[in-house]
Amino acid sequence: MKALVILVSCLCLCLAEKVRYDGHKVLRLVPVTEDQIETLHIWHNEAHKRGLIFWGEPGLLNQAVDVQFPPEKFAAYRTRLNNLGFQPIVLFDNVQSELDNQEAARVTRQQQTPTLNFFTDYRTAAEIFQWLDQTAANCPAGATCTVTNIGTSWEGRELKVFRISNGPNKRAIWIDSLIHAREWISGATNLYFIDQLVNNYNNAANRAMVDAYDWVFMPIINIDGYQYTFDTDRMWRRTRSDRGDILGCVGCDANRNFDFQWMTIGASDDPCSNTYAGVAPNSEPEVDAVRAYIMQNPSYYGAFITMHSYSQLFLLPYGYTVDFPQDYDEMMRVANLSTNALFNVHGTTYRFDSASVILYPSSGTSRDWAKGVPQIKYVYTFELRDTGNYGFILPPEQIIPSGQETWEAVKRIAQEITFP
Ligand SMILES: *[C@@H]1O[C@H](CO)[C@@H](O)[C@H](O)[C@H]1NC(C)=O
Ligand SMILES: [Zn+2]
């Protein structure tokens, strides 16, 4: 009995502990042979078993994939990579030391100036929701700002949507983020947009945005996963739904869980995979909440923008097929102008094309769903900064520049889109 108590309390302690990545290395691998591609696919499929963390997914020849290797396996993999003819580039020599450096810098910043600008750091879900409420309370005269709960996450957290409107009978632009938990810059950038529209409403260009469209934001879709990246594992991507998997694997890729071409390609049926599509389409309450909310009024949405990181891409549907969707040429025209506007701010380049052309195939994504089911005319995925210098652990100093440049891109979209 006593042994059991000790075992149980140890289990709890161990579970509560933060995952550390001491000595973990991240290598950029660019496959140039079929052999290399095939190996990467095998490693990706077996990543959980192998203790590898993929920062991206293997796709086509010449397409870089960033992979995190634990120190105890590094020598063996290094040999294997050399034998396969890879010429890896080291992105991180020690992931934990970068995490520690950023945390130390954050603590120092907070001690020195406790009332810092909201955008000088990444914020927890609680801080973000408090900020949303406060921002709604500061709604400019003549506009209406609302924070709506559109559902409850697997672990019981609220799923919140922020909306600003200054008049009836407008179409809406939807912008979401953090469907993948570790992609912190996506949420911070999204909040920057809200800040522009609400707290900088008197800026003529921002005001014109609200005159032309309603704006609907969902900053944290995968809130359980996001919380988990703060509490336990910074590299977590998936949801936190626990369905008693035999290996103890929790969650699925919410961005493979939408009910359009579900599990047809570029998704996994392995509950331990980072691209696990879930037990059924819409099985994740977070996904179902987004689906139900948009389907209440699908024709309301003129544009659907979903934000991820990283790699500086601007992706159009579809991911599940190389066939072009309706409005492809028009979406490309606007994407071209939008990425130009983005470039003009800080010289940051984004490539743009349909997801299946530029990236690996994927199905059950919110992007494909938004085009395929509610049939929103303009649908885009942003893969935000950077291109791999920091990847998911982009320093918070880049929040404001990322916000500035992508806000120009979003405004350009809003200026260009037209409807019959
Ligand atoms: C983007 O626009 C430029 C200037 O109009 C044009 O030359 C270029 O072909 C366009 N690119 C694509 C991919 O549409
Ligand atoms: Zn993502």
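The rules behind each value
Residues numbered from 1 in each chain as written. Chains lettered and ligands numbered in written order. Predicted model: local features only at pLDDT ≥ 70, side-chain atom pairs only at ≥ 80, totals over all residues. Heavy atoms only, no water. UniProt positions renumbered as here; feature names shortened; annotations may be inferred. Donors = N, O, S within 2.8 Å, 3.2 Å for Na, K, Ca; no water. Tetrahedral: all angles 85-135°; square planar, octahedral: opposite > 155°, others 65-115°. Buried < 20%, exposed > 50% of the residue type's maximum accessible area, 1.4 Å probe, protein only. Phe/Tyr/Trp six-rings, centres within 6.5 Å; stacked < 30°, edge-to-face > 60°. Lys NZ or Arg CZ within 6 Å of the ring centre and 35° of its normal.

- By the naming in an unreviewed UniProt entry, the protein is Peptidase M14 domain-containing protein, taken from Owenia fusiformis.
- Under the UniProt heading Cofactor (unreviewed entry), the note attached to the protein is "Zn(2+)".
- The UniProt entry for the protein carries the following text under Subcellular location (unreviewed entry): "Secreted".

A word on the coordination of the zinc ion (ligand 2)
Ideal values differ by geometry: the angle at a metal is 109.5 degrees with four tetrahedral donors, but 90 or 180 degrees with six octahedral donors.
1) Next: The coordination sphere of the zinc ion (ligand 2), as far as protein atoms go, consists of His180 (ND1), Glu183 (OE), Glu183 (OE) and His308 (ND1), spread over 2.1 to 2.2 Å.
2) Next: Considering all four donor atoms around the zinc ion (ligand 2), the spread of angles at the metal, 59 to 153°, places the coordination shape in the irregular class.
3) Next: Sequence positions of the donors to the zinc ion (ligand 2) reduce to the motif H-x2-E-x124-H. For the pair His180 and Glu183, one class covers both residues: buried.

Some remarks on the packing of aromatic side chains
For any two aromatic rings, the description comes down to two numbers: the centre-to-centre distance and the angle of the planes.
1) Next: Throughout the structure, instances matching the rule amount to 32 aromatic pairs.
2) Next: Counting every residue linked through ring pairs, the aromatic cluster contains Trp174, Tyr293, Tyr300, Tyr301 and Phe304.
3) Next: Above the ring of Phe129, the side-chain terminus of Lys160 is found at 4.7 Å from the ring centroid.
4) Next: Note that Arg240 overlies the ring of Tyr228, its terminal NZ or CZ placed 3.6 Å from the centroid.

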